[in-house]
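What follows is each chain in one-letter form.
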Amino acid sequence: MRSVIDILDLSTEELESLMATALDIVARPDDYADACRRKKLATLFFEPSTRTRMSFEAAMYELGGHVISMSSAASSSAAKGESVADTAKVVSCYADIIAIRHPKEGAALVAAENADVPVINAGDGGHCHPTQTLADLLTIRREKGSFEGLTVGLCGDLKFGRTVHSLINALSRYRDVRFVLISPEELKVPSYVKRDVLKKQGIPYQQTTSLEDAIPELDILYMTRVQRERFFNEEDYLRLKDSYILTPDKLRRAKADMSILHPLPRVNEISVAIDADPRACYFKQVLNGKYMRMALILMLLKEAGTI
Ligand code: NCD
């Protein structure tokens, strides 16, 4: 059974085809309104979420399907000690496809290994978040037309930020992309990502602590939240939480056509004064996420022979 746990589970051709489907949905939503009629998506969210969960739900409704979900981890059988493996087996009896978010790295993979229906990873701890990357890719494609030759700045919590890990994996497949990794010393991109992706493929990247120094050369600036829930102690979080705040003043040195992305939720990283700037793309990114999740649900249900 085909599941999507890591962005690497999708080939470059599949990424392209998902973007094409998403754009077709934007152009002709009525053609898709019954595509998943009477099919059910189960959302299993063991961690807080607003947009990812609602985006999956809206996606399934717009495909004519239904959604079943548990209201919270605390009110599910996980609170009684049920394993992720058992929950996945049980939910496979009710749903045609599952989207799962869990605080433990690897939990989505365990779910996929035990489910009888396709499983989509909606975020596993600090590991990866492939459907956010689908949203990011479509946003960059729509803003820039292409990925080739882009200088992409990733700023903030690059250690625990799972969206960053998946995005590096995806963009590294395109020609002449280079990364500027902007973070405090303590929150650098994990060495396994540098070793297995950037160094292994010879992708150019530089690391810096200064957003001000990096900003003039960027085509994309991907801001992230410091991931409070993954810190071992509160003092470290408090010390690092406001490391980077994008303000209109800092933006003055950026290219006139630099795109600003953020997976959201935003805490302090982007001043609200920037929301009206034409370079701010983070709310468009939310909408793009829904279309890409529609495209992914369609692809997996077709492959499973469900639709
Ligand atoms: C991200 C996540 O959950 O990793 N949010 C999201 O899904 N859009 C980013 C974050 O929580 O900071």
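Preceding this paragraph is the structure being described.
Residues numbered from 1 in each chain as written. Predicted model: local features only at pLDDT ≥ 70, side-chain atom pairs only at ≥ 80, totals over all residues. Heavy atoms only, no water.

1. Concerning the layout of surface pockets
Of the pockets and cavities examined, the largest pocket occupies roughly 390 Å³. The wall of the largest pocket is formed by 21 residues, among which Arg101, Arg162, Arg225, Leu264 and Pro265 lie closest to the centre. Only helix H2 (51-62) and helix H6 (162-171) provide two or more residues apiece to the lining of the largest pocket. Classifying every residue of the lining of the largest pocket gives four nonpolar, ten polar and seven charged. The residues that make up the lining of the largest pocket include at least three from each of domain 1 (7-128 + 289-303) and domain 2 (130-285). Reported here for the second largest pocket is a volume of approximately 200 Å³. If you trace the second largest pocket, you find 15 residues lining it, with Leu44, Ser69, Met70, Thr87 and Val91 closest to the centre. Mapped by element, the contributors of at least two residues to the lining of the second largest pocket are strand S1 (40-45), strand S2 (66-69) and helix H3 (84-92). For the lining of the second largest pocket, a count of residues per class yields nine nonpolar, five polar and one charged. (1 Å grid on protein atoms, 1.4 Å probe; cavity = no way out; pocket = protein on both sides within 12 Å on 5 of 7 lines; lining within 4 Å. Points joined across faces, edges and corners; volume = space filled by probe spheres on them. Helix = DSSP H or I, 4+ residues; strand = E, 2+ residues; numbered from the N terminus. Nonpolar A, V, L, I, M, F, W, Y, C, P; charged D, E, K, R; others polar. Domains from an automatic or database assignment.)

2. Here's the deal with the site of the ligand
Around the ligand, the neighbouring residues are Arg51, Thr52, Arg101, His129, Gln132, Arg162, Thr163, Arg225, Gln227, Pro263, Leu264 and Pro265. At a separation of 2.8 Å, an oxygen atom of the ligand approaches a polar side-chain atom of Gln227. A distance of 2.9 Å separates a nitrogen atom of the ligand from a polar backbone atom of Pro263. Relative to its unbound accessible area of 310 Å², the ligand is 94% covered by the protein chains. (Near = heavy atom within 4 Å. Polar contact = N/O pair within 3.5 Å; in protein donor to acceptor, adjacent residues only side chain to side chain. Areas by Shrake-Rupley, 256 points an atom, 1.4 Å probe, with all protein chains shown as cover.)

3. Regarding the environment of Gly123
Take Gly123: it is sitting in strand S4 (residues 119-124). For the pair Gly123 and Glu105, spaced 18 residues apart in sequence, the C-alpha separation works out to 8.5 Å. Non-local contacts of Gly123, meaning those with residues more than four positions away in its chain, are made with Ile100, Arg101, His102, Cys128, His129 and Arg162. (Contact = heavy atoms within 4.5 Å.)

4. Notes on helix H4 (residues 107-114)
All buried positions along H4 are accounted for by Ala107, Ala108, Ala111 and Ala112. Buried positions in H4, seen along its axis, are confined to an arc of 140° and lie on one side of it. Buried-residue contacts for H4 involve H3, strand S3 (97-102) and S4. (Buried < 20%, exposed > 50% of the residue type's maximum accessible area, 1.4 Å probe, protein only. Arc of directions from axis to C-beta.)

5. Topic: the pattern of salt bridges
By the definition in use, this model includes 24 salt bridges. The closest approach of N and O atoms between Arg230 and Glu47, which form a salt bridge, is 3.0 Å. Of this pair, Arg230 sits in the loop between strand S8 (220-223) and helix H9 (234-240) while Glu47 sits in the loop between S1 and H2; the two residues are 183 residues apart in sequence, bridging distant segments of the chain. Across this residue pair, the class does not change: Arg230 and Glu47 are buried. Across the pair Glu57 and Arg53 runs a salt bridge whose closest N-O atoms are separated by 3.3 Å. Here Glu57 pairs with Arg53, and both are found in helix H2, just four residues apart, close to one helical turn. According to the relative accessible area criterion, Glu57 is buried, its value standing at 17%. The network of salt bridges with common partners includes Arg2, Glu14 and Glu303. (Salt bridge = Lys/Arg side-chain N within 4 Å of Asp/Glu carboxyl O.)

6. Overview of unusual backbone geometry
Between Leu264 and Pro265 the backbone carries a cis peptide bond, its omega angle lying at 5°. Mapped onto the fold, Pro265 is located in the loop between strand S9 (259-261) and helix H11 (282-303). Even without being glycine, Arg38 reaches a positive phi, approximately 65°. Take Arg38: it is sitting in the loop between helix H1 (12-27) and S1. Judged by relative accessible area, Arg38 falls into the exposed class, the value being 62%.

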